[in-house]
Amino acid sequence: MFAGADIAATARLNWRNGCPRPRFEDDVWSFVGWADAPVQMKVTEKNVLFDRITHRPWRVIAKELALAWIATQDERVLALPRARRVPRHPRTIYARVYHLTFWLNWLHEHGITTLAAVTQDHCEAFLHEYGAVRDKETGAVLRNKAGGSLRTVVSAMQDITDYGELLSADRHRPGFRPWGTRSPRIVTGAPSRPQVVIKTEPLDDDVLRPLLTACLHLIDVLGPHIVGLRTELQAERESWRRVEWSRHLRDRNRLATLVDEHLRTGQPLPRVEDAQVTKRLRSGWDPKDPLLTTNFQHLLRPTGHRDIHKTLFAQARPLLEEAVAEVGTEYLWCRNPDDAPRADTGELIPWSLPLSNRAADALIRVASHACKVATSALTGMRSSELMELTVGCRRTDDADGTGLARHRLVSKVVKGRLWGGQVDEWVVIEDVARVIALAEQLTDARPGQSLFGSFPGFESNGAMTWLRQWVASPAGRRMGLEPIPDEPVHPRRLRRTLSVEMAARPGGLLATKVHFKHLQVATSEGYADPRELHQTGEKSQVASSQRRLRGLRGYYDLAT
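Quantities reported herein were computed from a predicted structural model and do not represent experimental measurements.

Here is what the cut-offs are and how they apply
Residues numbered from 1 in each chain as written. Predicted model: local features only at pLDDT ≥ 70, side-chain atom pairs only at ≥ 80, totals over all residues. Heavy atoms only, no water. Helix = DSSP H or I, 4+ residues; strand = E, 2+ residues; numbered from the N terminus. Expected span 1.5 Å × (residues − 1). Bend = angle between axes of the 7 residues up to and from the residue. Buried < 20%, exposed > 50% of the residue type's maximum accessible area, 1.4 Å probe, protein only. Contact = heavy atoms within 4.5 Å. Pairing = 2+ DSSP bridges. Core = buried A, V, L, I, M, F, W, Y, C linked by side-chain atoms within 4.5 Å. Axes fitted to C-alpha atoms, helices over the stretch in contact; angles between N-to-C directions.

Time to look at helix α13 (residues 310-327). Look at α13: 24 Å from first C-alpha to last across 18 residues, which is about the 26 Å you get at 1.5 Å a residue. Maximum bend of α13: about 55°, positioned at Ala-316, with proline Pro-318 one to four residues after it. Looking at α13, one finds that the buried residues are Leu-312, Phe-313, Ala-316, Leu-320, Ala-323, Val-324 and Val-327. Where α13 is buried, its residues meet β5 (246-249), α10 (252-265), β6 (269-270), α12 (296-299), β7 (305-308) and β8 (329-330).

Another point: the pairing of strand β4 (residues 141-144). Note that strand β3 (residues 132-134) and β4 share three bridges and pair antiparallel. Note on β4: the bridge partner recorded for Ala-132 is Asn-144.

Now for the nonpolar core. Among the nonpolar cores identified, the biggest contains 64 residues, and Leu-211 and Leu-467 are the most heavily contacted of them. Elements with a minimum of two residues in this core: α8 (205-221), α9 (223-241), α14 (357-379), α15 (383-387), β12 (405-413), β13 (422-428), α16 (430-441) and α17 (463-472). No other element matches the 11 residues that α14 contributes to this core. Ignoring sequence-local partners within four residues, the contact set of Leu-211 consists of Leu-203, Val-373, Met-464, Leu-467, Ile-484, Val-489 and Leu-494. Among the nonpolar cores identified, the runner-up in size contains 55 residues, and Phe-24, Ala-68, Leu-150 and Tyr-163 belong to it.

Let us look at the sheet that holds strand β11 (residues 394-398). The sheet built from three strands is open, its strands ordered β11-β12-β13 with antiparallel pairing. Edge positions in the open sheet fall to β11 and β13, since each of these has one partner strand only. Averaged over all pairs of adjacent strands, the angle between strand axes in this sheet comes to 30°, irrespective of strand direction. Bridge analysis of β11 against β12 gives five bridges, and the strand direction is antiparallel. Within the sheet, the bridge partner assigned to Arg-395 lies in β12 and is Arg-408.

Turning next to the environment of Gly-448. Mapped onto the elements of the fold, Gly-448 is located in the loop between α16 and α17. What makes Gly-448 exposed here is its relative accessible area of 54%. Spatially, the C-alpha atom of Gly-448 lies 8.0 Å from that of Cys-393, the residues being 55 residues apart in sequence.

The values are spatial; any link to function lies outside them.
Here is the structure:
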C-alpha cells in the first residue's frame, strides 16, 4: 500500500537538510533528522525498529500501521471509517511498535504464521502473560504491569482490524476484532484519561535550604572565578594542540635550565593526576620515590618533548630530586587564587585549593549542574522545558526612567502542545537571569543550541549526585556549605514546591496557573493543594510559606 513511500514527506514532517530520510522499505525508520523533535526525545526513541519482528511479512504490517498512525491526512487513511484522525507523536509510534512487536513475536513463537488464524483465546492468553512482570532468573511473577502499557498493546492489537483494509501482507479474518467492540479502557480497566492526582511531595526546608544555598554560592560567589578557570583551561589546551611534540628529551642543559627557572621563582614543579600516580605504582615505581608525583610532560612543554630519555633521567635524577625537595610539586590550576567569602561565616578564604585538570573540569561541571538545579527551583519549569532552553534565551525589558527591569526566558512548552513543543516565555526574577548568564559561560554550545542538553533526571549520576558529592567534599566543607540530605530531588518536586509557595500569596493561584502554563486552574489547584492553604493555626501553610520565603531571601517572589 505504501511501497516506496518517503516517511517524512508522507507524514508531513519537517526534515533537516542533509539528514537521511527513512523509506517505507527500511527495517529501521530513523527520525534523527526530524527538525521539530523535542530535546527530551531520546536517540533510541528516534529509531523505530521493525527488524525485531521475527516473521518478515508482519514487518510490513507493522510499517503500514505505523505510517497510518502518523500520516492521518493521507487519503488512504482518511478512507478508513475507524482510523484515528489525530496523528500520533513519533515518540508514541516508537512505543506502539515496541508493544506490537511482543504480540506478533508471541504469535510466531506459538506456531501461528497468519493473522487469519488468531482467535480471542490467543489474545486473552497473550495479555495474561504479557501483563505480568517476572523475575528474569526464576520466572516468578513480581507484579502486574501498569494499565497504561496494557491499554497501548490492546489498542495496537485492535488496530490490525481497524486498519485492515490498508494492510497488504496479512490481516484478521473477516468479522474478527480482538475483544470485539470493547475499548482498551474496558479490557484493561485502565481509564483512557485517568484523573490527575498530584502525588509529588514538596521539598522540606531541611533539603531545600542547603540545596539553594549551595547552588547560589556556586553561582554568585564562585561562579566568576570558575568562568575564569574555564577560560584558562581552554586557552591552555588550545596552545597544547599547537605544539609540535617530540618523544624524548636528551639535552641535559635544557632540562637544567627548566629546573633552575622553577628554583629561581620558587614555583613548585607540576604535579601529575592521581590516576597517573596509580599507573606509575603499577608499573613498578617505588611509593617513596620523591619524583613519583612529578609531571614531566608539563615540565618539558617549553621544549616540545613528551618525556625525558631514560639515560638522561638517570643522570638528572639528583637535580630533579633536589628541586622537588626545595619547591615541591603542585597541581597547575588555582595556585594563587583570589579570596571569596565562606557561606556560613563570611570569612574571606582562597576560593579554591590547587586543582588538577580533572578536578578543574569536575568543578566546572558542578557549577553547570548548580545552574540547572537553580533554574528548575526558581522557575518551576518542567524537565522538558529546561531542555528546550537555548544559549541566548534571556530577554530583558528595561522600563524607561524607573530603574526596573523585567526578565524573561524563552523556551518551549512540550507537554500537551504541538509536535516539538510551542515557543513560550517565562517571566523570572533577576536571580534566574544571572543563573542563565553564568550557564551560558560554562558551555561550548553556540547561540540557538541547547543550553543544558538532554538529561534523564537529577539523580543517578545526574546534577544532584554531583552537587551532593562536591558539597560533602573537602572543597565544599571549607566553603562552609551544609551537606545536602540524601533525599530525591527532581524537577517535579521543585515545581511542586514553588507552586505551593506561589499559591499561598494573595492571587497566587492565578499567578501559578499563568507561570506554570497550566491549561486549567484546576491543575494549579491540584499542584497547590488548596486544602492546606486554608488551614489555620501555627502550622498553617500560609505561615509556613512566609517563613520559608523570608529564609530564602525572596528567591520565590515570582507571583509579584
